[in-house]
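Here are the chains, one letter per residue:
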Amino acid sequence: MNSDRCIYLKVLGGGGEIGANCYEISYAHEHILLDCGVHPKKEGFESLPSFDLMESFPDAVLVTHGHVDHCGALPYLTKLFPHFRVHATLPTLRVMERMLHNSVVVMNTIRKERNIFDYPLYQHEDVENLMDVTRAHLYNNLFDVSGKNIFKALFNPAGHVLGSGSILLELDNYKILYTGDISASNQELLGPYKPMDWLDEVDVMIIESTQGAVDENKVNSYDEESLHLAKSINQILEQEGTVLIPTFALGRTQEMANILARLQDEGLLIKVPIYISGLGRAIYDIYEQFREYLDENSKLRPLNHFRKLGNIWQPEVMKQLLSVPGIIIATSGMMIENTPSALIAQEMVQTRHHGIFFVGYVDPDTLGYKLLHSKPGDELQFQLDAQPVKIKLRNIKRFHFSGHAYRNDLLKMIEKLSPKNVILVHGDPPALEWMKENTHLKTNCIIPKNGSKLTFEI
Ligand SMILES: [Zn+2]
Ligand SMILES: [Zn+2]
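Residues numbered from 1 in each chain as written. Chains lettered and ligands numbered in written order. Predicted model: local features only at pLDDT ≥ 70, side-chain atom pairs only at ≥ 80, totals over all residues.

K.L.:
Please explain unusual backbone geometry as it appears in this structure.
P.N.:
Most peptide bonds take the trans configuration, and most residues that are not glycine carry a negative phi. Pro120 follows Tyr119 through a cis peptide bond whose omega is -5 degrees. Assignment of secondary structure puts Pro120 in the loop between helix H3 (90–114) and helix H4 (124–132). Backbone torsion omega between Thr331 and Ser332 reads 5 degrees, so that peptide bond is classified as cis. Note on placement: Ser332 falls in the loop between strand S15 (327–330) and helix H9 (340–348). Positive phi, normally seen in glycine, also occurs at Asp35, with a value near 65 degrees. (Helix = DSSP H or I, 4+ residues; strand = E, 2+ residues; numbered from the N terminus.)

K.L.:
Teacher, can you tell me more about the nonpolar core here?
P.N.:
Buried together is how nonpolar side chains tend to be arranged in soluble globular proteins. Within the largest apolar cluster, 129 residues are counted, with the highest numbers of intra-cluster contacts made by Tyr23, Met205, Ile328, Ile329 and Ala345. In terms of residues, this core owes the most to one element, H3, which gives seven residues. Split by domain, this core shows at least three residues from each of two domains, domain 1 (3–215 + 403–457) and domain 2 (220–398). Apart from residues lying up to four places away in sequence, Ala345 is in contact with Leu244, Met335, Ile356, Leu371 and Phe382. (Core = buried A, V, L, I, M, F, W, Y, C linked by C-beta atoms within 7 Å. Buried ≥ 20, exposed ≤ 12 C-beta atoms within 10 Å, placed from the backbone. Domains from an automatic or database assignment. Contact = placed C-beta atoms within 7 Å.)

K.L.:
Looking at this structure, I do not really get the sheet that holds strand S13 (residues 274–276). What am I missing?
P.N.:
Backbone hydrogen bonds hold the strands of a sheet together, and the pairing may be parallel or antiparallel. Spatially, S14-S13-S15-S12-S16-S19 is the arrangement adopted by the six strands of the open sheet, whose pairing is parallel. Whereas interior strands pair on both sides, the edge strands pair on one side only; in this sheet they are strand S14 (307–308) and strand S19 (396–398). Bridge count between strand S12 (residues 243–246) and S15: four bridges; the pairing is parallel. Across the sheet, Val243 pairs through a bridge with Ile327, a residue of S15. Most of the contacts of helix H6 (residues 252–265) go to S13, to which it runs at about 170 degrees, and overall it touches S12, S13 and S15. Sheet strands in contact with H9 are S12, S15 and strand S16 (355–358), and its direction is about 150 degrees off that of S12. (Pairing = 2+ DSSP bridges. Axes fitted to C-alpha atoms, helices over the stretch in contact; angles between N-to-C directions.)

K.L.:
Even after reading the chapter, I still don't get the pairing of strand S10 (residues 174–178), so can you show me in this structure?
P.N.:
A regular strand places its side chains so that they alternate between the two faces of the sheet. Bridging between strand S9 (residues 165–171) and S10 involves five bridges; their strand directions are antiparallel. Along S10, the bridge assignment pairs Ile167 with Tyr178. By the bridge criterion, three bridges tie S10 to strand S11 (residues 204–208) in an arrangement that is parallel. Counterpart to Ile176 in the pairing with S11 is Val204.

K.L.:
When you look at the sheet that holds strand S1 (residues 6–13) in this model, what are you seeing that I'm missing?
P.N.:
Overall, mixed pairing links the seven strands, which are arranged S6-S5-S4-S3-S2-S1-S22 in an open sheet. Looking at strand neighbours, the two that pair on one side only are strand S6 (134–137) and strand S22 (453–457), the edges of this open sheet. For this sheet, the mean inter-axis angle between neighbouring strands, taken without regard to orientation, is 25 degrees. As defined by bridge partners, S1 adjoins strand S2 (residues 22–27) across five bridges and the pair is classed as antiparallel. Paired with Gly13 across the bridge in S2 is Cys22.

If you want it as structure tokens, here you go:
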């Protein structure tokens, strides 16, 4: 094999798991990273992609969207190598900046509370330095990735969250498509991904597999699930309780707020105040600034339609908040200890009349999962510096909303582009296995491990 005619793909994170997504593409002396995230379940240096395995310092990083499992390690990389370019859509850059500054605050808090001395992995000024090397792109505009006129790339709308884009990377006629996180159906605010009708074939397709283990025929549609949620919320409100909906700040918060407001407008949900917590509001503000990136038929309410939570760390504010019926949308989605959702839950679980409804993925290692599977009488710790509390609350449920494509939609995407190589990433092992077993094309279908290096002859 002539190495001058080979493209290499090295998996630095996101192989065999939903981890620190980061894929290095190398050709001749050009090195590009696709995404650069932190692992959602690991801490400190462990949460970073395997930068030590990189073939070389990067010329450029392309970022699909602002969730930290796709961009959370970038400021750390800027400290190591200050001279690369970062490409993304403009809304992704705005969201990313906000999310990364928030990560600095979170890492500082964890350092203090739990003595994790790797933290913070970077400072606010590293985030600012990173933003100085970013370049914003419109969708479907081809650009030169590193200024060497070797790789060209474009972002294509991927649904999922505001600004998210799949990446098409071209080297002469050789095409690599990285879907990033992608959604194939309508959400409340975002439309589905836009198929690239002019694209018949790709050589390599790196595709996410989050929902590979979920049979879509056995789960409710987004609309059906919204109605079930409304019914359960109404039951709590009728008994003078308050409902907590733990959510991710980016995407699910803005979607849920507008689903609930619409259900209230339609008379299907009792009209009570809806609250949104801090980071979710900051990202909501960016959704308002980039309305034109949302589905044209969607109705984004102004942020002031939703109330501020106030300083819930003050007992009087918390008491007041829970004394009248309301709906609270608060981070974090999996209820990490000491976050607003954990603090509010700590109060709610000591009563019987409130409700806690999860609306997204809850990892088995998290407090959210333990709460979801708790029985009255169990004890759980919601704040690291406080005593565990006894659970009395029974109204704790999970509803299924997802911003990721169903598995059969993923298979359709693969079939349409008949890639010679399919690289399955961003999924738990059963999800990845289902995808591999059901990809029936005469294609090279691989589930790479972290650290693996794949070679493609061009
Ligand atoms: Zn995502
Ligand atoms: Zn992701």
